[in-house]
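A closer look at the structure
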Number of protein chains: 2
Amino acid sequence: MSLIGPAKIGPWNKFMILKSQVEWALHCCAILAGLPDGRYLSTKALAEFHGLPKEYLSKALQGLSQAGLVDTSLGPSGGYRLAKPPAELTFLEIVEAVEGRQRTFVCTNIRANNPCRPKDHCESSPCAVARIMWEADEAWRAKLRGVKLSDLVGILSQEVAPELWKSSFEWVLERAG
Amino acid sequence: MSLIGPAKIGPWNKFMILKSQVEWALHCCAILAGLPDGRYLSTKALAEFHGLPKEYLSKALQGLSQAGLVDTSLGPSGGYRLAKPPAELTFLEIVEAVEGRQRTFVCTNIRANNPCRPKDHCESSPCAVARIMWEADEAWRAKLRGVKLSDLVGILSQEVAPELWKSSFEWVLERAG
DNA sequence: CGAAATAAGGATATCTTTTGTCCTTGATAG
DNA sequence: CTATCAAGGACAAAAGATATCCTTATTTCG
C-alpha cells in the first residue's frame, strides 16, 4: 500500500500539546511587565482581562510563584508582580514554571527487551534514539531561553493599536493595588 | 513569597510527552533499515523483538504506512519494509507520521477577550506569543529534520556490542518473509 | 482450491492527564 | 472587624493515551 503525498491525517491530528495554562501565564506576565513598581495585580483582574476561569488561572499563577518568578501579596490590594525585570525573565522560565521540566521524549529502554540479549547485559550509555530526541528538546529549550519577556513587550508595544494599548494600560492601573 | 533555586517540583513533574508509539516506531524503523531488499518483517516479529503489545504497535506501523514511509505486504511472509533508503528518511518524518503535525503550542487567541477591545476589532497578524512559541517548535522540527535514519543506524552499529548486533540481525532474518 | 498468516481498521475498555469548580485556611489592608 | 487576597486541598468532568478484541480483505503456500 502506498499513498501519494504527505501523511493522511486521521486520528493523528492531535499532537502533544502544551497546557493552555502556559499561554495564560505568558500573557499574564506580559501584563505584569507593565505594572508600576511596587504595585500588584490580582488573579481576579488577570482572569477578567483575559476572559479566563479565575480559579484555574490561579493554579498557573501559583506555578509562577513557586518558581520564584513572581512575588505575591495578600489582602485587598494584593496580587502578583514580577520578581525581576522583564529583561531578565525568559520564556523558558515561564513555560517550565507551569508545564514542568521533563523532556518531551521519555525513553522506556525497549532495547532491553531484545530476546537476543544476555540477561546480565548492561548498557553503557542512554539509548541513541533517546539522545537524538533529547537534542531536539534542547533546541526547543534553547530557543525559548533566548527570548526575554521584554522582547515580547517590545513586539506588543509596536503591534497593538495605540488606543487599545493605552486603554488596556489604564484598565490595569485602575485595578492594581 | 519566594523560593530559592529552581522551581519546586510538585504536581508539575509531568510535561507534555510524546506518545510511546513514537519511540516504538523509531526503533522499528531502525530494524527495518537492516532488512535485505525485497523482504518484509511482520508486526508480530517487531512486537516480539521489542517486547511490545502487538495490536497496539500495529497502530503505530499503520501510521508509518499511511504516511508512505513503509510498504506493506499481506499474507504469510508479509509485513513491513522501508519505502525508501534510510539516508532519505528523517526522524521528523517518522515522528510526525505517528504523532501528527500539529504544533505543541495552540493559540486560543485570548487577547480577543480584552474588555477594552472594540467589538469590531480585527487582528492583523497571529498573536506575538504564539509566533515565538511556534519558532521554538520549528527549531525542534529542524533538529529532527536534520537527522536521518541512516545516522541512527550508524551510531547503533558502533555502540551495540558486536555479538548482540550479529545475533539480532540473524534473529530478524529468520523471521523476515 | 483451501488453510494459515498478514495488514487495515472499527469498536470498546481502562487509565492518566487536563481542565475546571468549590471550599477552607491564613494573612493583610483599610 | 470586615472584605479581599493567595495557597492549596478535594473533587468532578472531559479529553487523550494505552491498550484489547474482532472483522474483513488479501496473499502465500501446500
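Model, not experiment: these values are computed from the prediction. As a convention, each chain's residues are numbered from 1 in the sequence order in which they are written. In the order they appear in the text, chains get letters beginning with A and ligands get numbers beginning with 1. Selection of residues for local features in this predicted model requires a pLDDT of at least 70, selection of side-chain atom pairs for listing and counting requires 80 or more, and totals for whole chains, interfaces and linings are taken over all residues. Side-chain calculation: all heavy atoms of the structure are included, whereas hydrogens and water are not.

**Notes on the confidence of the model for chain A**
Confidence scores per residue from the predictor, reported as pLDDT, run from 0 to 100. Summary statistics for chain A give a mean pLDDT of 92 and a share of 92% for residues scoring 70 or more. The model gives residues 1–12 of chain A a pLDDT under 50, and that stretch makes 22 contacts with residues more than four places away or in other chains. Any pair of residues with heavy atoms lying within 4.5 Å of one another is described as a contacting pair.

**Structural notes on the packing of helix 1 (residues 20–32) of chain A against helix 6 (residues 149–159) of chain A**
Residues and elements named next belong to chain A. Following both chains from N to C, one finds helix 1 and helix 6 inclined at 75°, their axes separated by 10 Å at the closest point. On the basis of the axis angle, helix 1 is roughly perpendicular to helix 6. For the pair formed by helix 1 and helix 6, the contact residues are L26, C29 and A30 on the first element and L149, L152, V153 and L156 on the second. Tallied by class, residues from the contact of helix 1 with helix 6 come to seven nonpolar, no polar and no charged. The convention used is that axes are lines fitted to C-alpha atoms, helices contributing only their stretch in contact, and that angles between N-to-C directions extend from 0 to 180 degrees. We count a stretch as a helix when DSSP gives it H or I for four or more residues in a row; a strand needs E for two or more, and each element gets its number in order from the N terminus. Throughout this description, any angle smaller than 35 degrees is read as roughly parallel, any larger than 145 degrees as roughly antiparallel, any in the 65 to 115 degree range as roughly perpendicular, and the remainder as oblique. Under this grouping Gly is polar, as are all residues other than the nonpolar Ala, Val, Leu, Ile, Met, Phe, Trp, Tyr, Cys and Pro and the charged Asp, Glu, Lys and Arg.

**Examining the protein's contact with DNA strand D**
Near, as used in this document, describes a residue that has one of its heavy atoms within 4 Å of the molecule or strand being considered. Surrounding DNA strand D, one finds 27 residues, the nearest of these being A:K59, A:S65, A:Q66, A:Y80 and B:Y56. Put simply, 61% of the atoms of DNA strand D that lie within 4 Å of the protein are in sugar or phosphate. Pairs of N or O atoms are called polar contacts if they sit within 3.5 Å, as long as, within protein, a hydrogen donor faces a hydrogen acceptor (for residues adjacent in sequence, only side-chain-to-side-chain pairs). Here a phosphate oxygen of DNA strand D sits 2.9 Å away from a polar atom, N or O, in the side chain of A:Q66. In this structure, a base oxygen belonging to DNA strand D sits 3.5 Å away from a main-chain N or O atom of A:P76.

**Brief notes about the side chain of A:H50**
Positionally, A:H50 belongs in helix 2 (residues 43–50). Setting aside its immediate chain neighbours within four residues, A:H50 contacts A:H27, A:C28, A:I31, B:I110 and B:N113.

**Here we look at the protein's contact with DNA strand C**
Surveying the vicinity of DNA strand C reveals 28 residues, the closest of which are A:Y56, B:K59, B:S65, B:Q66 and B:Y80. Within 4 Å of the protein, the contacting atoms of DNA strand C are 63% sugar and phosphate, with bases supplying the remainder. A distance of 2.9 Å separates a phosphate oxygen of DNA strand C from a polar atom in the side chain of B:Q66. Elements that contribute at least two residues to the surface near DNA strand C include exactly helix 1 and helix 3 (54–66) of chain A together with helix 3 (54–66), strand 1 (70–73) and strand 2 (79–82) of chain B. The element contributing the most residues to the surface near DNA strand C is helix 3 of chain B, with five residues. Among the residues forming the surface near DNA strand C, the class breakdown is nine nonpolar, 13 polar and six charged.

**As for the packing of helix 2 of chain A against helix 7 (residues 162–175) of chain A**
Residue and element names in this part refer to chain A. Put simply, helix 2 and helix 7 touch, their axes get as near as 10 Å, and they point 155° apart. Classified by the angle between their axes, helix 2 and helix 7 sit roughly antiparallel to one another. Relative to helix 7, the crossing made by helix 2 is right-handed. Along its contact with helix 2, which presents A45, E48 and F49, the element helix 7 presents S168, W171 and R175. A crossing counts as left-handed when the near helix is turned anticlockwise from the far one by less than a right angle, and as right-handed when that turn is clockwise.

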